[in-house]
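Chain residues, written in single-letter form:
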Amino acid sequence: MDAAQLLLRDLPPADFASNMEHFESFFLNDEAAAAMRNQYQLPFVVMDVAEPGERPFLCCQANRVLDKHRSPWTNKCWPYGQEANESSLRGLERMMNEVWDSYKNLYYGSESIGSVYLVEPKEGDDNGGSFSGVFCIHKDTDAGIWSGIHQFQVGSPDDDLCSYRVESSVVMIVKPKTDEATQLTFSGALSKEPVTKEMKVQKAYLQSNHIENLGTIIEEIEMELRSNFETVCIPKTQTVIVDMQKEPTKFKPPGGVNPLMGMMMNSDMLKKRLAKQTQE
C-alpha cells in the first residue's frame, strides 16, 4: 500500500480514477482500497439524478453507503433511490448545504457543484456536541476542472469557545486549446496543513455559529490556495514549458578542434606553461 501511495503522488491527478481501478484490480484488498479512496478523493464524481427535489451532488467517502451514495438534498441513496437513515445532524446538514450553495455560486458560478456531508457520531460515543464532515466543491468546464475538499472537525463547545480543525486539498486540471492532432492536459494537486482555531460561539445560536465560523476559515483557506496556484504553480509551469521549447545552445570549439582540446587550449594555466617552455 505504501508503494501505491508513492506512485499516486507522482502520477497526474487527472488520471486518478483510472489508476485507482488498476490498483484495486491488481494489488489492493477492499480495506486497503477504502483507505486509499478516503485519502485520495479528488477529482470528484458527479451524481445527477432526474428526480423531483434532487440536485446534482458529489460522490465521496463521506456520503458512501455500501455501493451507493447519499444525496445531501433528499437523503436518498442512489442509484437505487432508497431512503437513508435520518441522522441527528440532518437539520444542520441541510442548512450547511444551502449556505454552501450560495457560496459556490458567488465564487465559482452557478454551473459549479457543491456538497456538504456531516458524519454521524458513533453510537455510544460521548461526543459532547462534537462532529465532523466535509465541504466539497467541483467545477468542470471546457477549459479545465477544479475539485476541492475541506475535511473538518468541530470540537465540544466550552463556555463561549469552540475548536475547529480544517484540512484542505485541491486538484486543478487545465485543458488548453490545441489543434486536433495535439492533446495536452496539465494537472496539479495542492494541500494545506491543517488549520486549527478556537472561535466564539453562543449556545443559543450554536448551529448558526458553526456555519459562520467554518465558512470564515474555509474562505480564507480557499483564497490562499487559489493565490498559490495563480502566483506560484502556474508561473513555474509556464517557465518550465518555455525552457523545454528553447533550442539547446551548441558549443563551438575554437580552431575546429574537439571540445576537450578547445577548453584546454584556452586554459590560462596551459598558456603560461607553453609560454615558459618557449622561453626556455
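Everything discussed here concerns the structure shown above.
Please read all numbers here as calculations on a predicted model, not as lab measurements. (Residues numbered from 1 in each chain as written. Predicted model: local features only at pLDDT ≥ 70, side-chain atom pairs only at ≥ 80, totals over all residues. Heavy atoms only, no water.)

(A) Inspection of the nonpolar core at higher detail. Judged by nonpolar contacts, the single largest core of 30 residues is most densely connected at M96, L118, F131, F135, F152, Y164 and L214. Elements supplying a minimum of two residues to this core: α4 (90–108), β7 (113–119), β8 (131–140), β9 (144–154), β10 (161–174), β11 (186–200) and α5 (206–245). Considering each element in turn, this core owes the most residues, seven residues, to α5. (Core = buried A, V, L, I, M, F, W, Y, C linked by side-chain atoms within 4.5 Å. Buried < 20%, exposed > 50% of the residue type's maximum accessible area, 1.4 Å probe, protein only. Helix = DSSP H or I, 4+ residues; strand = E, 2+ residues; numbered from the N terminus.)

(B) Here's a closer look at the pairing of β9. Counting buried positions over the eleven residues of β9 gives nine, a clear majority of the element. Sheet topology places β8 next to β9; ten bridges connect them, and they run antiparallel. The residue bridging V134 from the neighbouring strand is Q151, located in β9. As consecutive antiparallel partners, β8 and β9 are separated by three residues. Where β9 meets β10, eleven bridges bridge the pair, whose relative direction is antiparallel. (Pairing = 2+ DSSP bridges.)

(C) Seen up close, the sheet that holds β9. Spatial strand order, β7-β8-β9-β10-β11: five strands in an open sheet with antiparallel pairing. Two strands close off the open sheet at either side, each with one partner strand: β7 and β11. Recorded for the sheet is a direction-independent mean angle of 10 degrees between the axes of neighbouring strands. Bridging between β7 and β8 involves seven bridges; their strand directions are antiparallel. Among the inter-strand pairings, L118 is bridged to a residue of β8, identified as G133. (Axes fitted to C-alpha atoms, helices over the stretch in contact; angles between N-to-C directions.)

(D) Quick look at the packing of α4 against α5. Where α4 contacts α5, the two axes come as close as 11 Å, and the packing angle between them is 30 degrees. Judged by the angle between their axes, α4 and α5 are roughly parallel. Between α4 and α5 the crossing geometry is right-handed. Contacts from L92, M95, M96, V99, W100, Y103, Y107 and Y108 in α4 reach Q207, I211, L214, I218, E219, E222 and R226 in α5. For the contact of α4 with α5, the class distribution of residues is eleven nonpolar, one polar and three charged. (Parallel < 35°, antiparallel > 145°, perpendicular 65-115°, else oblique. Left-handed = near helix turned anticlockwise from the far one by under 90°. Contact = heavy atoms within 4.5 Å. Nonpolar A, V, L, I, M, F, W, Y, C, P; charged D, E, K, R; others polar.)

(E) Region of the structure containing α4. Compared with the 27 Å implied by 1.5 Å per residue over 19 residues, the 26 Å span of α4 between its first and last C-alpha is a close match. Restricting attention to buried positions, one finds in α4 the residues R90, L92, E93, M96, N97, W100, D101, Y103, K104 and Y108. In this structure, the buried side of α4 is in contact with β4 (68–70), β7, β8, β9 and α5. Just beyond α4, the residue with positive phi is G109, at close to 95 degrees. (Expected span 1.5 Å × (residues − 1).)

(F) Main features of the environment of Q202. Tracing the backbone shows Q202 in the loop between β11 and α5. Separated by 40 residues in the primary sequence, Q202 and C162 place their C-alpha atoms 9.6 Å from one another.

(G) Just the sheet that holds strand β6 (residues 82–83), in detail. Strand order in the open sheet formed by four strands is β3-β4-β5-β6, with antiparallel pairing between adjacent strands. Here the strands that pair on one side only, and so sit at the sheet edges, are β3 (64–65) and β6. Looking at chain direction, strand β5 (residues 76–78) and β6 are connected through two bridges and run antiparallel. Considered in β6, the bridge of K76 is made with E83.

(H) Expanded view of unusual backbone geometry. A cis geometry characterises the amide bond from W78 onward to P79, with omega recorded as 25 degrees. You can see P79 is positioned in the loop between β5 and β6. In this structure, N75 takes a positive phi of about 65 degrees despite not being glycine. N75 sits in the buried class, given a relative accessible area of 2%. For D159, which is not glycine, the phi torsion reads 55 degrees and is therefore positive. The residue D159 is located in the loop between β9 and β10 in this model. For D159, a relative accessible area of 59% translates into the label exposed.

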